[in-house]
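# Structural features, examined
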Amino acid sequence: MKDIITLSIESSCDETSIAVLKNGREVLSNVVNTQIELHKKFGGVVPEVASRKHIENIDEVLDEALKQANITLNDADHIAVTYGPGLAGALLVGLSYAKALAYTTGKPLVGVNHIEGHVSANYIAHKDLKPPFITLIVSGGHTHLVEVKNYGEYEILGRTRDDASGEAFDKIARAMELGYPGGPIIDKLAKQGNKNAIDFPRAYLDDGYDFSFSGLKSAVLNYLNAKKMKKEDIIVEDVCASFQEAVVEVLSNKAIKAAMEKGYNTIALAGGVACNSALREKITELGKTKNIEIKYPPIDLCTDNAAMIGCAGYYNFINGRRDDMSLNAVPNLRI
Ligand code: KG4
Ligand code: ZN
């Protein structure tokens, strides 16, 4: 059978990325141009700045992706692109670019849901992974517990009712003036802290599959404020470790519970927070006691990248999805 080459584009937030994949799971190139340094000084992503930077970067990222994959544009069988969820202006840069490429080359255009991309990073990392399985999607914008029934077929079991887990990490880091993005910084500082130092609340929400992190966020902010008022020292490492433990415990317990109740023995972690070392450790440990295997992509495939979009785009393509020039950005697209 002829190989299928996917050219994929991702620009939903602050990474301009283009990848080339062979048969959906083999990455020939995955060029990621991150704007983190640029947004750091603002303490978060500035949408207008992100869009402008995508426009500046995208040509160069394409050239590099083609060069590294050792192909020309004409070798691609289709163009896959993230059309949501994400920042409208940022999405539109990648989407318009993909449309222009598809139009001028006559290659099919295939829209991809960014969240499905995160899940698909696991197919690249684990060649033997096949649906069905449970996935825990934890990123800066999303926290979802999902049953993956087939390629492109999902059933949402639960989602966050307020903040996303990554957002909680970023906000707490910001409150302690630790820098942006908060997740990796807290992860690192927590290693030197005591996770049992402060008993922050865990929201189990009637034992269902939904999540909530706003109560925890308020509890940490109240703790920090009270300490400041009393002019007491704050042990940043202990706050990081105790906060992280509260997040990780709920995420792990709910995902394991879902796998057991729905009869699955595999859980795949996805999204930026899946980089978290405590989450990986805790859920793997719990999984072992219940005979549930935990899978996660390597760090560079957990955070935003076009390879994961290409993988999801490949399955959309072979399932017959085709988009035309009317495809628009959908900032609040759901899985
Ligand atoms: O998936 P991603 O790159 O972008 C979105 O689609 O949102 O996720 C970014 C999020 C940020 O909130 C960041 O703080 C978090 O992932 N993150 C982490 C870690 N590395 C990245 N959170 C906890 N621990 C980490 N090691
Ligand atoms: Zn993402």
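Higher on the page you've got the structure.
So, a few notes on the structure that sits alongside this text. (Residues numbered from 1 in each chain as written. Chains lettered and ligands numbered in written order. Predicted model: local features only at pLDDT ≥ 70, side-chain atom pairs only at ≥ 80, totals over all residues.)

Look at helix α4 (residues 114-125): 17 Å from first C-alpha to last across twelve residues, which is about the 16 Å you get at 1.5 Å a residue. The buried fraction of α4 is high, at twelve of twelve residues. (Helix = DSSP H or I, 4+ residues; strand = E, 2+ residues; numbered from the N terminus. Expected span 1.5 Å × (residues − 1). Buried ≥ 20, exposed ≤ 12 C-beta atoms within 10 Å, placed from the backbone.)

Overall, mixed pairing links the five strands, which are arranged β8-β7-β6-β9-β10 in an open sheet. Across the chains shown, the open sheet's two edge strands, defined by having one partner strand only, are β8 (153-159) and β10 (293-295). The sheet shows a mean angle of 25° between the axes of neighbouring strands, direction not considered. By the bridge criterion, four bridges tie strand β6 (residues 133-138) to strand β9 (residues 266-270) in an arrangement that is parallel. Within β9, the residue paired with I134 across the bridge is I267. (Pairing = 2+ DSSP bridges. Axes fitted to C-alpha atoms, helices over the stretch in contact; angles between N-to-C directions.)

All right, on to the pairing of strand β3 (residues 26-34) then. Two strands pair when backbone bridges link them, and strand β2 (residues 15-22) and β3 are joined in this way by eight bridges, in the antiparallel orientation. Pairing of L21 across the sheet is with V27, part of β3. The turn joining β2 and β3, which pair antiparallel and follow one another in sequence, is formed by three residues; a positive phi near 50° is taken by N23.

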